[in-house]
Amino acid sequence: MALSVKDGHALATFRKAAVVTHKILKHSFVRLLEDAFDQAKSITHEEIATHVDECCEHPSKVNIKSPQGHYESCYFPIVQSGGKYDIRPSASTNGETLSDDVIIISLGVRYNFHCANMARTFFVDPVESVRLNYSILLELRRECLAVMLAGRCVGSVAETANRFIRQRCPHLLKFLPKNFGFGLGLDFRESSLIMNAKNQRKFAQNMVFNLAIGFHDLELTDMQKADAQGSIRKLSKYSMLIADTVLIQSGDEPPDIVTKHSVEWKDVSYFINEKNDKDIMPPQGKHYTPEQVESQSAIMSSRLRERSKACAPDRSSLARNEKQAELMQQKLSVKRSEKSSAWSQQGQLSSRADILEVDVYQSAGEYPRDLPSSEVYVDMQGQVLFAPINGSQVPFHISMIKNAVQPDPDRTATYLRLNFFTPGQTASKDIAPATSKLIEQHGHNSMFIKEMLYRSRESQRLTAAHRMIQELRKRFRQHAAKAAEEADLIPQEKLVKMRDQRIPRMADLTMRPFISGKKTTGTLEAHTNGLRFTSKKHEIVDIMYGNIKHSLFQPCENEVMVLIHFYLKNPVLVGRKKSQNVQFLTEVVDASVALDSARRSMYDPDELDEEQRERQLRKKLNEMFKEFCKKMERVAKHHRFHLEFDIPYRDLGFHGVPNREMVLIQPTVRCLVNLTETPFFLVELDRVEHIHFERCTFRSKNFDMIIILQNFDVLPLSINAVPMNELDAIQEWLTDCSITYTAGQASMSWKSVMNLVKGDPRFYEETDEHGESKPAGWQFLQADDNHDGNEEEDDGDEDYSAGDDDDEDEDEEDEDEEEDDEEDVNGDDDEDDDALDWDAMEASAQ
């Protein structure tokens, strides 16, 4: 018992062995597994175990720098798949081929006579029942860890596990093992510290255990496999196992898990066989809610997604059209069932909007004391212009003044013309929204002054008044612009720095938008309730976890940068401007490279070395950013915040022009984005109402994609010049996302269209106010297209008839030309008859 409690040196040795075990599982086994599935390569369990065992003996193969001979394998690694499983520590690896279903890996590393052990289960194309059983296993693991406290009985782990399963899922009780792990020490398995119900020994501080939780030979029925894809359909039984090296802490502190490899479902599950439209489980391109996203699988890489795309059968155009018709009918039924349509809601909101009256002075007694009686006076503090009318000073707020003009003076006097905002004028861009609403409210029952002209023999006073009016109007516009800029800014909570553990940090990152200057570089840190970016000029930008709506990680593949992007719920001030998109990136190569004018050979060693260094740098940066994203997720989850990074689907991307230049637009699980060029393009799929394709004709090489948002007050977004060969793939993806679309030949004035849609109370009905039938909802876009198409076909028939006459005339001319050609040929034949043959010509030559 005394030897079971480890000293500081032994604990440090255990931790080093645990780190190496985790690194080998992550960088050796997982990569070998992914490569085997990606390349459809056949590999046996024994070959995988041999490779892992070599990495245990020589950690330098996974970039772990350590003296040779200090590490060795505790046992030959155990790899199992294909339906034959044994979750006992005495299991062995067989020579059968790896199967893409349920895969269990167990390995242990010994460092200076102390062992660390871990086991994980990976799932390929799992069915829903497998996912549910794994979630129960994770809950069971948490319950067992909660009782591994100093002073508790070792046997309490088994008792807690049996009680939990008996209460939650009694049908799984028969699949539980009798032992739930053992103590670790100089011997890999200490027989006196086996965690079963009979062991009455006590946990003590600085003891080290191997906690192994699993289910053995779970049944998989045909009904549960009805929607299965891949090799899991062949399984009738499967097992799952999670094992970790655990260090007992003091008092009531929870145990420390020193083998850190993730056990979350998204990190141990892979979907490599995409399903068709009749399957229950949606494809990866479909939109999920945040709760559903948590239960979905990890995205291994674009390589596996490309394989799944190649293996999946193409959906026919007819089936896609049927699905779109069904989606359109569902949308119409949902819109009709709503209590009030979008147009009425907007009307109610606008009618309830409060219009603030401008009230600077309560009475004439509050006027400035030095107010002259017969001069134009400007109160800079109150933002009021006093204009003398019939000997009395009349105040006008500066927001009502359209402009102030000082015409050329004549020989006797100087002039000042004041123009005011009045009803009936074309709305100016300088008019404040509150002023426009006031004019609209009082325009029907009030008198307005449109223009006033003042004349003075003393030019200095009117010139000074004109200068002050211009300055006041400038200040008012700046203040109004700043107020509008900060109108939707919500004060953020204060950042709580993390002090009790190591802070995840990444240096030398470039932030966009820039805080100041042409470029902003600094360090990004993850803290208790948010992220903090500190620039080299000591400028600080805080981003709270609770304010992050979408977090994206885009690795560097064909781009010149690797980046992390945050789309916020509420904008934050970056420098002096508010921004809802914040991005941190590192450039792999300079965006603009000065090329040498000298011609370089493709076999130039320097050129090859440079390309090799660039590839290695890309790989290294991708790994660094990916690891930093996982650290941020762990920190946020530890403090009960939800943060999950999504990776764009490169294989589903298409090129288009959302702003000024052609870029690659890529979908994610919940968005459609382009993050490499500014301004950023990001559209949330759950806010998309409908998609319309313009200029879709057989003659066109590209088309325009119009994104209509659910908020009809916002003009639709457009992606121009999309190549025509991308149309089918985009329509397929939209159908998978349950988003309706239509296609037309003509370009439309969307401002006018949206005004008509907002003003139509029966937009989603099949009849108008007179009872006549009409296309419901967005079907009118397709209907107009068909109508236009018929007209174009009629015009085409007329053109074709005229063309027939022309063709007949051309045929007659061709026949005349052929007759002339025949006569010419005959004439040539007559001439050839009189000509000499070769013998005669040879005789004459002699």
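Data block above holds the structure.
Notes on the structure follow. Source: prediction; values computed, not measured.

**Section: the packing of helix H8 (residues 317–337) against helix H13 (residues 727–736)**
Moving on, step 1. Across the interface, H8 lies against H13 with an axial gap of 10 Å and an inter-helix angle of 45 degrees. Here H8 lies oblique to H13, going by the angle between them. The hand of the H8/H13 crossing is left-handed. Every residue of H13 that contacts H8 at Arg320, Lys323, Gln324 and Leu327 is listed here: Asp728, Gln731, Glu732 and Thr735.

**What to know about the packing of aromatic side chains**
We describe a pair of aromatic rings using the distance from one ring centre to the other and the angle between the two ring planes.
Moving on, step 1. Applying the stated rule across the entire model yields 24 aromatic pairs.
Moving on, step 2. Ring geometry for phenylalanine 29 versus phenylalanine 122: centroids 5.7 Å apart, planes at 45 degrees, classification tilted. In this pair, phenylalanine 29 sits in helix H1 (residues 8–38) while phenylalanine 122 sits in strand S4 (residues 114–124), placing the two residues 93 residues apart along the sequence. Take phenylalanine 29 and phenylalanine 122: they sit in the same class, and that class is buried.

**Topic: the pattern of salt bridges**
Moving on, step 1. Applying the stated rule across the entire model yields 32 salt bridges.
Moving on, step 2. As a salt-bridge pair, glutamate 732 and arginine 320 come within 3.2 Å of each other at their nearest N and O atoms. With glutamate 732 in helix H13 and arginine 320 in helix H8, this pair connects stretches of sequence that are 412 residues apart.
Moving on, step 3. On the basis of relative accessible area, glutamate 732 is assigned to the buried category, the value being 19%.

**Observations concerning the sheet that holds strand S18 (residues 530–535)**
Moving on, step 1. Taking strand neighbours across the sheet as the criterion, the 8 strands line up as S19-S18-S17-S16-S22-S21-S20-S23 in an open arrangement whose pairing is mixed. Edge strands, defined here as strands with exactly one partner in the open sheet, are strand S19 (540–544) and strand S23 (645–646).
Moving on, step 2. Of the strand pairs in this sheet, strand S16 (residues 505–512) and strand S22 (residues 577–587) are connected by 3 bridges, and their pairing is antiparallel. Within S22, the position partnered with methionine 511 by the bridge is phenylalanine 584.
Moving on, step 3. Where helix H12 (residues 605–638) meets the sheet, it contacts S16, strand S17 (521–526), S18, strand S20 (548–554), strand S21 (561–574), S22 and S23, and its direction lies at approximately 35 degrees from that of S21.

**What to know about the sheet that holds strand S10 (residues 377–379)**
Moving on, step 1. Spatially, S10-S11-S12 is the arrangement adopted by the 3 strands of the open sheet, whose pairing is antiparallel. Each having just a single partner strand, S10 and strand S12 (392–397) make up the two edges of the open sheet. With strand direction ignored, the average angle separating the axes of adjacent strands in the sheet is 30 degrees.
Moving on, step 2. Inspection of the sheet shows strand S11 (residues 384–389) paired to S12 by 6 bridges, in the antiparallel sense. Bridge assignment links isoleucine 389 to a residue of S12, and that residue is serine 392.

**Some words on the pairing of strand S15 (residues 451–456)**
Moving on, step 1. Burial along S15 is one-sided: the residues Met452, Tyr454 and Ser456 are buried and none of Glu451, Leu453 and Arg455 is.
Moving on, step 2. Across 6 bridges, strand S14 (residues 414–420) lies against S15 in antiparallel orientation. Across the sheet, the residue bridging to leucine 416 is tyrosine 454, located in S15.

**Concerning the environment of glycine 251**
Moving on, step 1. Considering the arrangement of structural elements, one finds glycine 251 in the loop between strand S7 (237–247) and strand S8 (256–257).
Moving on, step 2. A relative accessible area of 40% means that glycine 251 is categorised as partly exposed.
Moving on, step 3. In this structure the C-alpha to C-alpha distance between glycine 251 and glutamine 205, which are 46 residues apart in sequence, comes to 8.0 Å.
Moving on, step 4. Leave out the neighbours within four places in its chain, and glycine 251 touches Leu149 and Ala150.

Thresholds applied
- Residues numbered from 1 in each chain as written.
- Predicted model: local features only at pLDDT ≥ 70, side-chain atom pairs only at ≥ 80, totals over all residues.
- Heavy atoms only, no water.
- Axes fitted to C-alpha atoms, helices over the stretch in contact; angles between N-to-C directions.
- Helix = DSSP H or I, 4+ residues; strand = E, 2+ residues; numbered from the N terminus.
- Parallel < 35°, antiparallel > 145°, perpendicular 65-115°, else oblique.
- Left-handed = near helix turned anticlockwise from the far one by under 90°.
- Contact = heavy atoms within 4.5 Å.
- Phe/Tyr/Trp six-rings, centres within 6.5 Å; stacked < 30°, edge-to-face > 60°.
- Buried < 20%, exposed > 50% of the residue type's maximum accessible area, 1.4 Å probe, protein only.
- Salt bridge = Lys/Arg side-chain N within 4 Å of Asp/Glu carboxyl O.
- Pairing = 2+ DSSP bridges.

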